[in-house]
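Coordinate analysis (summary)
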Amino acid sequence: AGGAMAVARVNLRALTSWVGIARLFAVVLSCLTFSLVASTGNFTGPSGTWCMFTWCFCFTVTLLVLLLELLELYPMLPLSWDDFTSAFSMLAVLMVFTSSVVFPVSFISSPCSSNECARQAVATTTSFLCFLAYAVEVGLTRAKPGDISSFLSTVPGLLKVFEAYVACLIFSLLDEYNKESGLMWCVAVYSICFIFTLLIIIFTIGRCLTYIPCPLDKVLVGYNFLALLMYITATVLWPLYSFKGRSRPDSCGRNCSWDKHLGITFLTIFNLIAYLVDLVYSSRMVFIRTP
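Calculation criteria
Here the residue index of a chain counts from 1 through its sequence in written order. In view of the model being predicted, local features appear only for residues whose pLDDT reaches at least 70, and side-chain atom pairs are presented and counted only at 80 or more, with totals across whole chains, interfaces and linings using the full set of residues. Note that water and hydrogens are dropped before the side-chain values are worked out from all heavy atoms of the structure. We define a salt bridge as a contact between a side-chain nitrogen of Lys or Arg and a carboxyl oxygen of Asp or Glu at a distance within 4 Å. Numbering goes from the N terminus for both helices and strands, where a helix is a DSSP run of H or I of at least four residues and a strand is a run of E of at least two. Each residue's exposure class comes from its accessible area (1.4 Å probe, protein chains only) as a fraction of the maximum for that residue type: buried when under 20%, exposed when over 50%, partly exposed otherwise. By this rule the span expected of a helix is its residue count minus one, scaled by 1.5 Å. Two residues form a contact once any of their heavy atoms are found within 4.5 Å. Under the pairing criterion, centres of Phe, Tyr and Trp rings, with the six-membered ring standing for Trp, must be within 6.5 Å; the plane angle then separates stacked pairs below 30 degrees from edge-to-face pairs above 60, leaving the rest tilted.

This brings us to the pattern of salt bridges. Under the counting rule described, the total for this entry stands at three salt bridges. Close ionic contact of arginine 23 with glutamate 69 constitutes a salt bridge, the shortest N to O distance being 2.9 Å. Here the residue arginine 23 occupies a position in helix α2 (residues 18-40), and glutamate 69 occupies one in helix α3 (residues 45-70), the gap between them amounting to 46 residues. An identical accessibility class is assigned to arginine 23 and glutamate 69; each is buried. A salt bridge links arginine 23 to glutamate 137; its shortest N-O distance comes to 2.9 Å. Here arginine 23 is found in helix α2, whereas its partner glutamate 137 is found in helix α5 (residues 115-141), with 114 residues between them in sequence. Take glutamate 137: its relative accessible area is 3%, and that puts it in the buried class. Three or more residues are tied together by salt bridges with common partners; here these are Arg23, Glu69 and Glu137.

Shown next as structure tokens:
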């Protein structure tokens, strides 16, 4: 009858495909992880809050993705679904991996003999397995060579998510940088590159890049080249201004400024390598056309 309500379609392949199975594992493992940690009641402080947020956030979004694909409702959303799921799965890989390292370092003490410590150890294990589930999803959904229909599933697209995430980690460690002009330049580099990279991700998911009246692929290559040059300067200037004439203090605790600056140094190198690989891959996509 014309007035009858339309029956929602159910796409069981959203759960039975390899990608769907990986997502189901991620949902179960993330739920198990934050439940175990919550049962201990020991997740206070910035580190514990971050880890709990990561597991709850990844559980919620992955469950939502599964439901939208199961009921085939995602085409109604005003965004590029493949780009969104690719960007989220890469972000989940990075977030869960960070939590899998930060949580045991911050909360598990040796010797581990109590019931609470045992639950924390199991939570660490399930968190790492959850990271593997998301890594499998990234591997399964990554675009094949020559396929650029979903930009954020290509190597340059996945690297964009990595670059933005590493920049966020750098921002979380920033401390005592406004006394030296060289360090202030480095912070400007981190901020400028983060903003432009985040805009690329958002515009790609929102299908807004097609409205830019210029050859976008060549613009991205030019941006990657400039970002690489800027990160080269930051890789040199940050340790130069952070450590010249300074050795690690004997009383350097967990929130020691010297350790934070060392962490930023390594993260800057990671992003430098990421922008270099990004430039190489994006240049090949633009200037070397495969038949």
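There's plenty left to go through after this.
Let us now look at α2. Taking 1.5 Å per residue, 23 residues should reach 33 Å; α2 reaches 34 Å between its end C-alpha atoms and fits that length. Once α2 ends, the next one or two residues include glycine 41, with phi positive near 70°.

Relative to the helices and strands, glutamate 72 is located in the loop between α3 and α4 (81-107). C-alpha separation for the pair glutamate 72 and asparagine 11, spaced 61 residues apart in sequence, amounts to 6.5 Å. Residue contacts for glutamate 72: discarding those within four places in its chain leaves Arg9 and Asn11.

For the structure shown, the criterion picks out 17 aromatic pairs. Consider the rings of tryptophan 55 and phenylalanine 103, whose centres lie 5.6 Å apart with planes at 75°: the pair is edge-to-face. Here tryptophan 55, found in helix α3, pairs with phenylalanine 103, found in helix α4; they are 48 residues apart in sequence, far enough to count as distant. A relative accessible area of 1% places phenylalanine 103 in the buried class. Each ring, one from tyrosine 74 and one from tryptophan 81, has its centre 5.2 Å from the other, and the planes form 20°; the classification is stacked.

Don't take any of this as a statement about function, it's just geometry.
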